[in-house]
Amino acid sequence: MTSALHATDLGKRYGRKWALSNCTLDIPTGHVVGLVGPNGAGKTTLLHLAVGLLTPDSGTINVLGEVPATSAEQLGHIGFVAQNTPVYEHLSIETHLAMGAALNPSWDAQLARRRMHDLALDPSQHAGDLSGGQRAQLALTLAIAKRPSLLLLDEPVAALDPLARREFLATLMEVVADNEVSVILSSHLVADLERVCDYLVVLAAARVQANGEIEDLLASHHRLVGTRRDLDSLPTSAHVVEVSHTERQTTVVVASDDPILDPTWSVEPLTLEDLVLAYMSQAEEQRRELVRTKGGAS
Amino acid sequence: MNASSGVSPYQQIVQQVKSALRLGRLRVGDQLPTVKEVVGKIAINPNTVLKAYRELEHDGLVAARPGIGTFIVNSFDDTTYAAQRTLRRSLEVWIEKARRAGLDDESIEALFVDTFLFAPKEVVV
């Protein structure tokens with residue numbers, strides 16, 4: 001089966017700084033994928049590589065089995081909503097839809113019109129007069145009316161108020177329920193991602209820290225709490241994500257497919273937010289360590 | 001949906017349907033909302049709803065009729081409905097007593113849960 005997104009050792013560099021490096025991913029189709037990480041982690045870079053707005057400096061990326069943006073046909077399968085859901089301020093909604101129809105052979109005019117009707121938007125209205133939520137809905141409509149097999153969204157709800165955010169995600173989920181479409185969306189709002197996604201990619205410090213189906217990630221990650229100790233006693237199959245010590249207590253977040261049977265640890269499940277934060281803080285700790293060993297040079 | 005409950009979203013749907021059946025708010029023959037209706041209302045992943053409906057189907061409580069929808073085909077023992085009314089009434093009386101004794105909401109809930117957990121699990125006849 002073709003992957004929605006397949007990357008091998010993918011990297012992108014701006015000057016001397018790698019915005020994304022050693023990125024290896026194989027995301028199957030049919031998922032709603034959350035791309036989560038702090039600002040500057042490489043989320044936008046990865047999405048821009050996936051739509052062909054950027055070309056890799058190392059490694060390879062395939063989207064739906066093809067190199068991004070190699071043909072008009074390939075691009076026809078991809079819907080993309082860029083950060084801040086850009087639209088043409090001085091053009092009317094009607095003109096946006098007419099442009100969509102002219103540029104996309106697979107354009108579903110009926111779907112586009114129905115969506116504008118459901119949102120009670122007047123087609124003659126200029127996009128510049130729309131609220132943030134309405135503008136995001138217009139951008140989403142333009143992306144889905146071309147009937148894509150893969151929909152990529154870069155922080156689509158970051159600037160929206162809670163109600164507009166909920167409505168946008170509800171619309172997106174209706175689209176997923178109705179069509180065979182895979183979705184990759186970036187966000188730093190873990191609570192939103194937990195509701196709508198079934199697959200997660202954690203990006204931090206330009207690298208993929210963790211990825212997989214959310215259910216599997218939650219089942220394989222544990223928080224261990226016990227009396228203060230070194231970590232030599234952990235089974236070798238356990239990968240330590242994050243460690244913290246107090247005077248008497250040690251807390252460890254581990255990834256392990258095998259259950260932790262050592263009775264001197266109390267084993268607790270992790271929430272998705274805890275899991276994401278554990279990887280993000282570990283990446284940040286490594287960055288600081290690196291800066292310190294370089295003697296404070298940046 | 002309660003994100004902080006630690007119960008997975010699909011389990012929450014299963015529990016809500018079961019509790020609606022137990023309380024008589026859903027009856028045999030009723031149709032569950034379609035997957036699209038649910039996700040369009042509460043913005044969750046369609047697979048979460050599908051998974052919950054499949055589990056309810058596996059438990060023999062609902063049946064999916066392709067192209068039409070998912071329907072309740074079975075309920076828990078209906079004979080408990082009548083008893084539920086009197087039981088609810090005596091619980092209300094008990095809660096009133098607890099309030100008058102100065103217990104706050106948290107204490108009332110804690111006392112109920114604690115008593116429930118340590119009560120004998122079966123009726124001795």
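Predicted model only: the values in this text are computed from it and were never measured.

Observations concerning the overall build of chain B
Part 1 of the reasoning: Within chain B, the regular secondary structure consists of 5 helices and 3 strands.
Part 2 of the reasoning: Along the chain direction, N to C, the helices and strands of chain B fall in the order α-β-α-α-β-β-α-α.
Part 3 of the reasoning: A separation of at least 24 residues holds for 54% of the contacts in chain B among residues at least 6 apart in sequence.

Re the interface of chain B and chain A
Part 1 of the reasoning: Taken residue by residue, the interface counts 13 residues in chain B and 15 residues in chain A.
Part 2 of the reasoning: Of all the secondary-structure elements, those providing two or more residues to the side of chain B that touches chain A are α2 (35-42) and α3 (46-58) of chain B.
Part 3 of the reasoning: No other element matches the 5 residues that α2(B) contributes to the side of chain B that touches chain A.
Part 4 of the reasoning: Its residues assigned to classes, the side of chain B that touches chain A shows 8 nonpolar, 3 polar and 2 charged.

Points about the domain arrangement of chain B
Part 1 of the reasoning: By the assigned domains, chain B splits into domain 1 (9-72) and domain 2 (80-118).
Part 2 of the reasoning: Spacing between the C-alpha centres of domain 1 of chain B and domain 2 of chain B amounts to 29 Å.

Overview of the sheet that holds strand β12 (residues 249-255) of chain A
Residues and elements named next belong to chain A.
Part 1 of the reasoning: What the 4 strands build is an open sheet, ordered β11-β12-β10-β13; its pairing is antiparallel. At either margin of the open sheet sits one strand with a lone partner, and together these are β11 (239-245) and β13 (266-269). Within this sheet the neighbouring strands show an average axis-to-axis angle of 25 degrees, counted without direction.
Part 2 of the reasoning: Note: strand β10 (residues 221-227) against β12, 7 bridges, orientation antiparallel.

A short note on the confidence of the model for chain B
Part 1 of the reasoning: Across chain B, the average pLDDT comes to 87, with 90% of residues at or above 70.
Part 2 of the reasoning: Complex prediction metrics read pTM 0.83 and ipTM 0.80.

A look at the pairing of β12(A)
Residues and elements named next belong to chain A.
Part 1 of the reasoning: In this sheet, β12 lies alongside β11 in antiparallel orientation, the contact comprising 6 bridges. Following the sheet pairing, Val 240 is matched in β12 by Val 254.
Part 2 of the reasoning: Counted between consecutive antiparallel strands, the loop separating β11 from β12 contains 3 residues.

Considerations on the environment of A:Ile93
Residues and elements named next belong to chain A.
Part 1 of the reasoning: Mapped onto the secondary structure, Ile 93 falls in helix α3 (residues 93-103).
Part 2 of the reasoning: Looking at Ile 93, the number of C-beta atoms within 10 Å reads 24, which means it is buried.
Part 3 of the reasoning: With 152 residues separating them in the primary sequence, Ile 93 and His 245 have C-alpha atoms 57 Å apart.

A few points about the pairing of strand β7 (residues 182-187) of chain A
Residues and elements named next belong to chain A.
Part 1 of the reasoning: For β7, a buried count of 6 out of 6 residues is recorded, marking the element as mostly surrounded by other parts of the structure.
Part 2 of the reasoning: Here β7 shows no split at all, with Ser 182, Ile 184 and Ser 186 on one side and Val 183, Leu 185 and Ser 187 on the other all buried.
Part 3 of the reasoning: For strand β3 (residues 32-36) and β7, the ladder comprises 5 bridges, and the chain directions are parallel. The partner of Leu 35 across the bridge, within β7, is Ser 186.
Part 4 of the reasoning: As paired elements, strand β6 (residues 150-154) and β7 share 5 bridges and run parallel to each other. Paired with Leu 150 across the two strands is Ser 182, which belongs to β7.
Part 5 of the reasoning: Regarding topology, helix α6 (residues 162-178) serves as the crossover connection from β6 to the parallel β7, and that connection is right-handed.

The rules we used
Residues numbered from 1 in each chain as written. Chains lettered and ligands numbered in written order. Predicted model: local features only at pLDDT ≥ 70, side-chain atom pairs only at ≥ 80, totals over all residues. Helix = DSSP H or I, 4+ residues; strand = E, 2+ residues; numbered from the N terminus. Contact = placed C-beta atoms within 7 Å. Nonpolar A, V, L, I, M, F, W, Y, C, P; charged D, E, K, R; others polar. Domains from an automatic or database assignment. Pairing = 2+ DSSP bridges. Axes fitted to C-alpha atoms, helices over the stretch in contact; angles between N-to-C directions. pLDDT = per-residue confidence, 0-100. Buried ≥ 20, exposed ≤ 12 C-beta atoms within 10 Å, placed from the backbone. Right-handed = clockwise from strand over helix to strand, strands pointing away.

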